Amino acid sequence: MPADTVSVTGWGRTAPTNARVIRPRTYEEAAAAVRGCGTRGGIPRGLGRAYGDAAQNAGGAVIDMTALDRVHAIDADGGTVLCDAGVSLHCLMQVLLPLGWFVPVTPGTRHVTVGGAIGADIHGKNHHVSGAFSRHVLSFELLTADGEIRTVSRGTPLFDATAGGMGLTGLILTATLQLLPVETSLMSVDTERAADLDDVMDRLTATDHRYRYSVAWIDLLARGAATGRAVLTRGDHAPLDTLRAGTRAYRDPLAFRPARLPSPPALFPEGLLTRRSVGLFNEFWYRKAPRARAGELQSISAFFHPLDGVPHWNRVYGRGGFVQYQFVVGHGQEEALRRIVERISQRRCPSFLAVLKRFGDADPGWLSFPVPGWTLALDIPARLPGLGAFLDELDEEVAAAGGRVYLAKDSRLRPELLAAMYPRVADFRALRAEADPRGVFTSDLSRRLGL
Ligand SMILES: Cc1cc2nc3c(=O)[nH]c(=O)nc-3n(C[C@H](O)[C@H](O)[C@H](O)COP(=O)(O)OP(=O)(O)OC[C@H]3O[C@@H](n4cnc5c(N)ncnc54)[C@H](O)[C@@H]3O)c2cc1C
């Protein structure tokens with residue numbers, strides 16, 4: 001199988017490393033790729049939307065799973081789909097929405113694969129209702145280090161190690177997913193502004209249960225009394241009877257036509273995202289939002305995936321790339337959240353993509369990220385002076401509050417904090433030691449954190 005040695009990065013474009021990238025087109029080729037990984041091992045890769053170093057492997061193999069992209073079977077009555085792991089959520093939406101079904105969980109981009117969604121056990125705006133992605137996975141087929149293909153069912157150790165296991169238990173080849181029925185491809189959305197962090201937390205706590213989807217954009221450059229001011233957007237799939245007769249949406253209620261703008265240039269000028277420009281943007285974004293608006297109809301792409309409209313938007317951070325920092329702290333740790341938001345806002349990080357959300361119950365995956373509580377995710381240009389030391393301090397604060405950072409976003413966490421953040425990491429290591437004693441599956445992330 002042809003393999004090119006190329007520079008590989010995550011979506012944040014930091015920490016590039018060279019690897020042989022192999023792209024199997026059949027399960028046999030996937031098995032051959034695993035057998036031929038060599039001493040530096042291999043790691044599966046989907047669409048490379050993990051921000052950090054999870055799907056890269058310096059000096060070894062990266063197994064690009066995106067050519068394994070067939071949808072094998074759809075049960076249009078029961079709402080299940082059996083597909084290859086390289087199928088993207090975008091493709092599933094194109095195929096399933098006209099049939100009245102939607103993916104059970106979608107992240108902020110639909111350009112992720114099913115394998116990547118299970119590997120990171122991704123969460124969406126509906127975590128407080130629906131949990132993470134793997135809760136809707138009925139079973140999957142896993143190519144393990146011994147070259148065997150195993151059918152892995154829910155409730156087994158191998159399932160729980162693989163859901164959120166960052167590709168380190170093997171290559172997911174196929175998966176069967178339980179879908180969500182929808183009557184239209186539109187969302188009914190309520191928007192409201194919150195004056196500060198306490199206000200947004202109060203609103204999320206009081207009324208999140210009324211919405212399937214809930215998230216708050218938060219202005220991390222606002223200071224003083226406005227610290228943590230936010231715009232909440234919450235909603236659900238619009239029922240058919242909310243569409244006006246005679247409109248285009250009414251005639252074709254399950255249409256899925258996401259728009260696409262041109263990409264930014266490959267060499268985007270450095271230094272456009274300054275505190276001033278981002279501060280102005282945040283001010284505009286906050287003021288533009290209605291104080292309160294109910295029942296606005298939005299497309300799926302506008303509600304869930306606004307950034308997908310601009311391909312390669314990650315270039316706007318210039319050559320240095322950016323870090324996405326996401327952590328969660330449990331209920332009862334609101335003081336820690338307040339301190340961290342205060343610190344970020346005092347540090348004047350030029351962050352325009354910052355979201356706050358309340359998670360529901362934890363998921364069974366041993367390394368799954370969500371725990372019940374508050375999660376904050378923010379983008380920060382990687383070249384910000386002193387950023388590494390600052391985030392190290394935040395990690396300490398998160399760990400002290402019993403929280404954790406999200407491995408799918410990470411490229412810099414120090415290994416000594418891992419066990420405190422992920423108490424089941426010892427089980428994970430033990431399973432890997434038994435199932436993969438030669439360490440066939442390995443990545444920059446796994447070497448850095450000793451996974
Ligand atoms: C704009 C944007 C918004 C995002 N929003 C969210 C969000 O709201 N919630 C959230 O949870 N995440 C979010 N993410 C992160 C993203 O959902 C995850 O990183 C996801 O894992 C990416 O999938 P991928 O196919 O690109 O996988 P990759 O990034 O290529 O790989 C991610 C991990 O999955 C493993 N993997 C990939 N394919 C397989 C396979 N076939 N078998 C086994 N393991 C595999 C890899 O080894 C790696 O460890 C966002 C990312 C972006 C760019």
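What counts, and where the lines are drawn
Residues numbered from 1 in each chain as written. Predicted model: local features only at pLDDT ≥ 70, side-chain atom pairs only at ≥ 80, totals over all residues. Heavy atoms only, no water. Salt bridge = Lys/Arg side-chain N within 4 Å of Asp/Glu carboxyl O. Helix = DSSP H or I, 4+ residues; strand = E, 2+ residues; numbered from the N terminus. Buried < 20%, exposed > 50% of the residue type's maximum accessible area, 1.4 Å probe, protein only. Phe/Tyr/Trp six-rings, centres within 6.5 Å; stacked < 30°, edge-to-face > 60°. Near = heavy atom within 4 Å. Polar contact = N/O pair within 3.5 Å; in protein donor to acceptor, adjacent residues only side chain to side chain. Areas by Shrake-Rupley, 256 points an atom, 1.4 Å probe, with all protein chains shown as cover. Nonpolar A, V, L, I, M, F, W, Y, C, P; charged D, E, K, R; others polar. Domains from an automatic or database assignment. Pairing = 2+ DSSP bridges. Axes fitted to C-alpha atoms, helices over the stretch in contact; angles between N-to-C directions. Buried area = accessible area lost by both parts, 1.4 Å probe. Expected span 1.5 Å × (residues − 1). Contact = heavy atoms within 4.5 Å. Lys, Arg positive; Asp, Glu negative; His and termini not counted.

A. Spatial organisation of the pattern of salt bridges. In the structure shown here, the tally under the stated rule is 33 salt bridges. With a closest N to O distance of 2.9 Å, Asp53 and Arg448 form a salt bridge. Placement of Asp53 in the loop between strand 3 (42-45) and strand 4 (61-64) and of Arg448 in helix 14 (residues 444-449) is noted, with a sequence separation of 395 residues between them. Residue Asp53 is classed as buried on the basis of its relative accessible area, which comes to 5%. As a salt-bridge pair, Asp84 and Arg70 come within 3.3 Å of each other at their nearest N and O atoms. Separated by 14 residues along the polypeptide, Asp84 in strand 6 (residues 80-84) and Arg70 in the loop between strand 4 and strand 5 (71-75) bring together distant segments of the chain.

B. Molecular detail of the packing of aromatic side chains. Inspection of every chain in the model, using the stated rule, returns 15 aromatic pairs. Here the aromatic rings of Phe303 and Phe304 are separated by 4.9 Å at their centres, their planes lie at 80°, and the arrangement is edge-to-face. Look at Phe303 and you get buried, because its relative accessible area is 4%. Phe304 gets classed as buried once you look at its relative accessible area, which sits at 3%.

C. Broad picture of the site of the ligand. Taken together, 34 residues lie near the ligand, and Pro44, Gly46, Arg49, Ala50 and Tyr406 sit nearest. Within the contact set of the ligand, an oxygen atom lies 2.7 Å away from a backbone nitrogen or oxygen of Gly46. The contact in question runs from an oxygen atom of the ligand to an N or O atom on the backbone of Gly48, over 2.9 Å. In isolation the ligand exposes 960 Å². Once the protein is present, 96% of that is buried. Those elements that provide at least two residues to the shell around the ligand are strand 3, helix 3 (114-119) and strand 10 (171-178). Of the residues assigned to the shell around the ligand, the class counts are 20 nonpolar, 11 polar and 3 charged. Counting only domains with at least three residues in the shell around the ligand, you end up with domain 1 (71-182) and domain 2 (186-412).

D. Structural detail: the sheet that holds strand 1 (residues 3-8). Ordered by their spatial adjacency, 4 strands build an open sheet running 1-2-4-3, and the pairing between neighbours is mixed. Edge strands, defined here as strands with exactly one partner in the open sheet, are strand 1 and strand 3. Strand after strand, the sheet turns through a mean of 35° between neighbouring axes, direction not considered. Sheet analysis places strand 1 next to strand 2 (residues 17-22), joined by 6 bridges and oriented antiparallel. In the strand pairing of strand 2, Asp4 is matched with Val21.

E. Geometry of the domain arrangement of the protein chain. The domain architecture assigned to the protein chain consists of domain 1 (71-182) and domain 2 (186-412). Carbon and sulfur atoms make up 61% of the area that domain 1 and domain 2 hide from each other, which totals about 3,000 Å². Across the contact surface, domain 1 and domain 2 share 2 salt bridges. Two residues, Asp308 and Arg110, come together in a salt bridge whose shortest N-O distance is 3.5 Å. Where domain 1 touches domain 2, the interface holds 20 residue pairs in polar contact (both at pLDDT 80 or more). Mapped onto the side of domain 1 that touches domain 2, the elements with two or more residues apiece are helix 2 (89-96), helix 4 (127-130) and helix 5 (157-162). Counting residues per element, the side of domain 1 that touches domain 2 draws most heavily on helix 4, which supplies 4 residues.

F. Structural context of helix 11 (residues 387-400). Here helix 11 spans 20 Å end to end across 14 residues, near enough to the 20 Å set by a 1.5 Å rise per residue. Among the residues of helix 11, those classed as buried are Leu387, Phe390, Leu391, Leu394, Asp395, Glu397, Val398 and Ala399. Where helix 11 is buried, its residues touch strand 16 (322-330), helix 10 (334-347), strand 18 (373-381), strand 19 (404-405) and helix 12 (418-421).

G. Looking closely at the side chain of Lys409. Note on placement: Lys409 falls in the loop between strand 19 and helix 12. Despite its burial, Lys409 remains without a salt bridge, the nearest opposite charge being carried by Asp379 at 6.9 Å. A distance of 2.8 Å separates polar atoms of two side chains, one belonging to Lys409 and the other to Gln324. Of note is the side chain of Lys409, whose polar atom sits 2.7 Å from the side chain of Gln326. Leave out the neighbours within four places in its chain, and Lys409 touches Tyr51, Gly52, Gln324, Gln326 and Ala377.

H. Region of the structure containing the sheet that holds strand 10. Judged by pairing direction, the sheet is antiparallel, and its 5 strands sit side by side in the order 5-6-10-8-9 without closing on themselves. Both edges of this open sheet fall to strand 5 and strand 9 (149-153), since each of them pairs with a single strand only. Between one strand and the next, the sheet's axes are offset by a mean angle of 10°, whatever the strand orientation. With 6 bridges joining them, strand 8 (residues 137-143) and strand 10 adopt antiparallel strand pairing. Note on strand 10: the bridge partner recorded for Glu141 is Thr174. Relative to strand 10, helix 1 (residues 27-35) is tilted by about 135°, and along the sheet it contacts strand 5, strand 6, strand 8 and strand 10. Relative to the sheet, helix 2 contacts strand 5, strand 6 and strand 10, its axis offset from that of strand 5 by approximately 45°.

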